[in-house]
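# Survey of secondary and tertiary structure
Spelled out from the first residue to the last, the chains are:
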Amino acid sequence: FIGWHQDNGYTRGRTQEYLTCWLALSEVTEEMGSLQFMPGSHKEGIAEHVDATYKNPIGGALEVMVDQDKAVVVEYGPGDVTFHHGRTLHYSRGNSTDQPRRGLSTHLWPESNEE
């Protein structure tokens, strides 16, 4: 489980631009915790993120409260890939199946970024 967040939410106010690539190494369905996205959220700026470490074992986990009715679920086949902007709200629920969810997440940003 990774709560709703923007990758830019972790930059603590810096204007760093990110691009995230998520590559499926196996089939990934909604029940397995496929990514969900909030369309158009990259145009809205950086949302208010709150501490979510009590829900998530990832150190420093953050979360944004959203209207999940507008979310788009993306299911993947092996080799499928998505790219999203650092301000795109996204989420991954826990895997409720006995099959592992396998994927590779890569974060890209400019070598130099003036603020």
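Residues numbered from 1 in each chain as written. Predicted model: local features only at pLDDT ≥ 70, side-chain atom pairs only at ≥ 80, totals over all residues. Heavy atoms only, no water.

### A look at the environment of Trp22
Operational definition: Counting from the N terminus, the helices are the DSSP runs of H or I reaching at least four residues and the strands are the DSSP runs of E reaching at least two. Whether two residues are in contact is decided by their heavy atoms, any of which lying within 4.5 Å being enough.
On the secondary structure map, Trp22 appears in strand 2 (residues 19-24). Taking the C-alpha atoms as reference, Trp22 lies 8.9 Å from Leu35; in sequence the two are 13 residues apart. With residues near it in sequence (within four places) discarded, Trp22 still touches Val28, Leu35, Tyr76, Asp80, Val81, Thr82, Arg101, Arg102, Gly103, Leu104 and Ser105.

### Examining a nonpolar patch on the surface
Using the following cut-off: Distance thresholds for patches are 9 Å for like charges and 5 Å for nonpolar side chains (Val, Leu, Ile, Met, Phe, Trp, Tyr), applied to residues having over 30% relative accessible area and no salt bridge. Working definition of accessibility: Shrake-Rupley area with a 1.4 Å probe, residue cover restricted to the visible protein chains. Salt bridges are defined as contacts in which a side-chain nitrogen from Lys or Arg sits within 4 Å of a carboxyl oxygen from Asp or Glu. To sort residues, take the accessible area from a 1.4 Å probe on protein chains only and compare it with the maximum for the residue type: under 20% means buried, over 50% means exposed, and anything in between is partly exposed.
Taken together, the side chains of Leu19, Val81, Phe83 and Leu108 present a nonpolar region at the surface, about 340 Å² in accessible area. Summarising the element assignment, Phe83 is placed in strand 7 (residues 81-85). Residue classification places Phe83 among the exposed residues on the basis of a relative accessible area of 53%.

### Remarks on a negative patch on the surface
Put simply, the test is: When charges are tallied, Lys and Arg are placed among the positive residues and Asp and Glu among the negative ones, while His and the ends of the chain are skipped. Charged side chains are reduced to one point each, which is NZ for Lys, CZ for Arg, CG for Asp and CD for Glu.
Judged by side-chain charge, Glu27, Glu30, Glu31 and Glu75 come together as a negatively charged surface patch. Mapped onto the fold, Glu75 is located in the loop between strand 6 (72-73) and strand 7. For Glu75, a relative accessible area of 47% puts it in the partly exposed group.

### Points about the side chain of Thr20
For clarity, the cut-off: Two N or O atoms form a polar contact when they lie within 3.5 Å of each other; inside protein one atom must be a possible hydrogen donor and the other a possible acceptor, and for residues adjacent in sequence the pair counts only when both atoms belong to side chains.
By the secondary structure assignment, Thr20 is in strand 2. Within polar-contact distance, the side chain of Thr20 engages the side chain of His107 at 2.9 Å. What Thr20 contacts, discounting residues up to four positions off in sequence, is Asp7, Thr82, Phe83, His84, Ser105, Thr106 and His107.

### Here's the deal with the sheet that holds strand 6
Let me state the cut-off plainly: In short, DSSP must find at least two bridges between two strands for them to pair.
Strand order across the open sheet formed by 4 strands is 1-8-3-6, with antiparallel pairing between neighbours. Strands with a single pairing partner mark the edges of an open sheet, and in this sheet they are strand 1 (2-5) and strand 6. As judged from the 2 bridges shared by strand 1 and strand 8 (residues 90-92), these two strands associate in the antiparallel manner. The residue bridging Ile2 from the neighbouring strand is Ser92, located in strand 8.

### Notes on the sheet that holds strand 7
What counts here: Working convention: axes come from line fits to C-alpha atoms, limited for helices to the stretch in contact. Angles between N-to-C directions cover 0 to 180 degrees.
In spatial order, the strands read 7-2-9; together these 3 strands make up an open sheet with antiparallel pairing. Looking along the sheet, the strands with just one partner apiece sit at the ends: strand 7 and strand 9 (103-108). Here the strands of the sheet are splayed against their neighbours by 15° on average, with no regard to which way each runs. Bridge count between strand 2 and strand 9: 6 bridges; the pairing is antiparallel. Within strand 9, the position partnered with Ala24 by the bridge is Gly103.

### Concerning the side chain of Thr29
Summarising the element assignment, Thr29 is placed in the loop between strand 2 and strand 3 (35-37). Since its relative accessible area comes to 16%, Thr29 is described here as buried.

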